[in-house]
Amino acid sequence: MIESILSEGLIYSIMVLGVFITFRLLNFADMTVDGSFPLGACILAACLVNGINPATGLFLAFGGGVVSGLVTALIHTKLKIPGLLAGILTMTMLGSINLRIMGNRSNISYLKTDTLFTDITKTISGPLPEEWTLVVFLFISVLIIKTVLDIFFHTDFGLTLGAQGSNEQMIISQGMNPEIIKATGIALANGLSAFSGAYASMYLGYADTGMGTGVVVSGLASLMLGEFVIRSNKISFLTLRVIIGSIIYRGIMYFGRIYGHYINLTANDLKLITGILIILCLVVSGYGDKFINKIRNLKTETLKKGKGVNP
């Protein structure tokens, strides 16, 4: 049970990191994720079926996600189409592209095909069971991705990308092109989403063109859950809480599937639970921010009175 929650949480946390870049850093409502997530799975499936190395398939999956993100960015910046609509258009087009990549099949099973996950569990023998061996591998993979992102966001370009969503005018005043920065962020985010989709397909044992439905919503729920656990403006903590939020969300969904029958919940109700979670996160977050602001104002007034300053 725990290993399943950790495995799913770590796999989908890569996608949530992409959602974090677009929704939090760029302030861009990108719906492309619902299409780029299965795109990564479809590209990997096509590679495995044709005898291409899984590592190469993962690289191509990431590249496919980057291209899909660039398409959304170009539709938004060059054609002046609103960001939300641009993402929906790309997501819709990816539905047909994913079918083409899979040879006009909606589903490909890995039942008779070795994947990176099966190779790892077969070759690495030790005291740990296969499930926990996979958890360790996923933990190392996510840690590497997190570390690379943390280093990137400490560079000049990464800091500029982080400021893009909150103060675009400042970026322009520094002589930088906000369209290029936005396109880079959207491309990176969808590359991570496609990579996560490829990982998810290996974990599930199949690739399906419909496996991305509602992914962006679950990513938002994971993102908001993580924000309750850790409140910080440091990038290392921001990426950490994304991973923690993803694991918490997958844990909630797991217990919903296992114990939901006690309150007459079925698998069909999971999207309802996700929607309610997001609404609760938004409401509680709003009240929490107001409470924190009141505490800060009280501290400020107390300090002023203590120094003999008339507030």
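The preceding data block contains the structure.
No experiment lies behind these values; they were computed from the predicted model shown.

**Q** So what about the overall build of the protein? Which residues, and what values?
**A** When its secondary structure is counted, the protein shows 12 helices and 2 strands. Element order for the protein, N to C, with α for helix and β for strand: α-α-α-α-β-α-α-α-α-α-β-α-α-α. Counting across all 311 residues of the protein, residues that qualify as buried make up 46%. Within the protein, contacts between residues at least 6 apart in sequence are counted, and of these 77% link residues at least 24 apart.

**Q** I'd like a rundown of the environment of V217, residues and numbers included.
**A** Mapped onto the elements of the fold, V217 is located in helix α10 (residues 215-229). Owing to a relative accessible area of 36%, V217 belongs among the partly exposed residues under this scheme. Each C-alpha atom, one on V217 and one on D34, is 9.0 Å from the other, the two residues being 183 residues apart in sequence. If near-sequence neighbours (up to four positions away) are discounted, V217 is found in contact with T274 and I278.

**Q** Just give me the short version of the side chain of N190, but keep the residues and values in it.
**A** By the element assignment, N190 lies in helix α9 (residues 178-204). Ignoring sequence-local partners within four residues, the contact set of N190 consists of D30, T32, V33, S36, G65, V66, S68 and G69.

**Q** Help me get a handle on unusual backbone geometry, residues and values and all.
**A** In the Ramachandran plot, N27 falls in the positive-phi region, its phi being about 55° despite a non-glycine side chain. Tracing the chain through its elements places N27 in the loop between α1 (2-25) and α2 (33-49). If you check the backbone angles, K80 has positive phi at about 60° while not being a glycine. Along the chain, K80 falls in the loop between α3 (54-77) and α4 (83-101). On the basis of relative accessibility, which here comes to 63%, the residue K80 falls in the exposed class.

**Q** Hey, could you go over the packing of aromatic side chains for me, with residue numbers and the actual values?
**A** Counted under the stated rule, the structure contains 7 aromatic pairs. For the pair F195 and Y199, a centre-to-centre distance of 4.9 Å together with 40° between the ring planes defines the contact as tilted. On the criterion of helical spacing, the pair formed by F195 and Y199 is a turn pair, its members being 4 residues apart in helix α9. Take F195 and Y199: they sit in the same class, and that class is buried. By the ring-pair criterion, three or more aromatic residues cluster together here, those being F117, F137, F195 and Y199.

**Q** Residues and numbers for a nonpolar patch on the surface, please.
**A** Taken together, the side chains of V67, V71, L84, L85, I88, L89, M93 and I97 define a hydrophobic patch exposed on the protein surface, amounting to about 620 Å² of accessible area. Of all elements in the fold, only α3 and α4 reach the threshold of two or more residues within the nonpolar patch. With 6 residues, the single largest contributor to the nonpolar patch is α4. By secondary structure assignment, the location of L89 is in helix α4.

**Q** Before we move on, could you go through the nonpolar core and cite the residues and values that matter?
**A** Nonpolar side chains in soluble globular proteins generally cluster together in the buried interior. M15, F20, I21, L58, Y199 and M202 are the most contacted members of the largest nonpolar core, which has 73 residues in total. With 12 residues, the single largest contributor to this core is α1. Setting aside anything within four residues of it in sequence, one finds Y199 in contact with I11, I14, L58, F117, F137, L138 and S141.

**Q** Any details on α9? Residues and values, ideally.
**A** The α-helix winds at 3.6 residues per turn, so residues separated by three or four positions along the chain end up facing the same way. Its 27 residues place the ends of α9 39 Å apart at the C-alpha level, agreeing with the 39 Å of an ideal helix rising 1.5 Å per residue. Counting buried residues along α9, 22 of its 27 residues qualify, which places the element largely inside the surrounding structure. Backbone nitrogen of E179 and a side-chain oxygen of the N-cap are separated by 3.0 Å at the start of α9; the cap is N177.

**Q** Outline the layout of surface pockets, supporting the account with residue identities and numerical values.
**A** When its volume is computed, the largest pocket comes out at roughly 630 Å³. Lining the largest pocket we find 19 residues, and of these Y12, T213, R250, R257 and L270 sit closest to its centre. Contributing elements (two or more residues each) for the lining of the largest pocket: α1, α10, α11 (235-259) and α12 (270-306). Sort the elements by how many residues they give to the lining of the largest pocket and α11 lands first, with 4 residues. Across the lining of the largest pocket, the residue classes tally to 10 nonpolar, 5 polar and 4 charged.

**Q** So, the packing of helix α5 (residues 116-123) against helix α6 (residues 130-152): which residues are in play, and what are the values?
**A** Their axes nearest at 9 Å, the elements α5 and α6 cross at an angle of 120°. For the element pair α5 and α6, the recorded crossing hand is right-handed. In contact with L116, F117, I120 and T121 of α5, α6 contributes E130, T133, L134, F137 and L138. Taken together, the residues that form the contact of α5 with α6 break down as 6 nonpolar, 2 polar and 1 charged.

Cut-offs used in this document
Residues numbered from 1 in each chain as written. Predicted model: local features only at pLDDT ≥ 70, side-chain atom pairs only at ≥ 80, totals over all residues. Heavy atoms only, no water. Helix = DSSP H or I, 4+ residues; strand = E, 2+ residues; numbered from the N terminus. Buried < 20%, exposed > 50% of the residue type's maximum accessible area, 1.4 Å probe, protein only. Contact = heavy atoms within 4.5 Å. Phe/Tyr/Trp six-rings, centres within 6.5 Å; stacked < 30°, edge-to-face > 60°. Patch = residues over 30% accessible without salt bridge, like charges linked within 9 Å, V, L, I, M, F, W, Y side chains within 5 Å. Areas by Shrake-Rupley, 256 points an atom, 1.4 Å probe, with all protein chains shown as cover. Salt bridge = Lys/Arg side-chain N within 4 Å of Asp/Glu carboxyl O. Core = buried A, V, L, I, M, F, W, Y, C linked by side-chain atoms within 4.5 Å. Expected span 1.5 Å × (residues − 1). Polar contact = N/O pair within 3.5 Å; in protein donor to acceptor, adjacent residues only side chain to side chain. 1 Å grid on protein atoms, 1.4 Å probe; cavity = no way out; pocket = protein on both sides within 12 Å on 5 of 7 lines; lining within 4 Å. Points joined across faces, edges and corners; volume = space filled by probe spheres on them. Nonpolar A, V, L, I, M, F, W, Y, C, P; charged D, E, K, R; others polar. Axes fitted to C-alpha atoms, helices over the stretch in contact; angles between N-to-C directions. Left-handed = near helix turned anticlockwise from the far one by under 90°.

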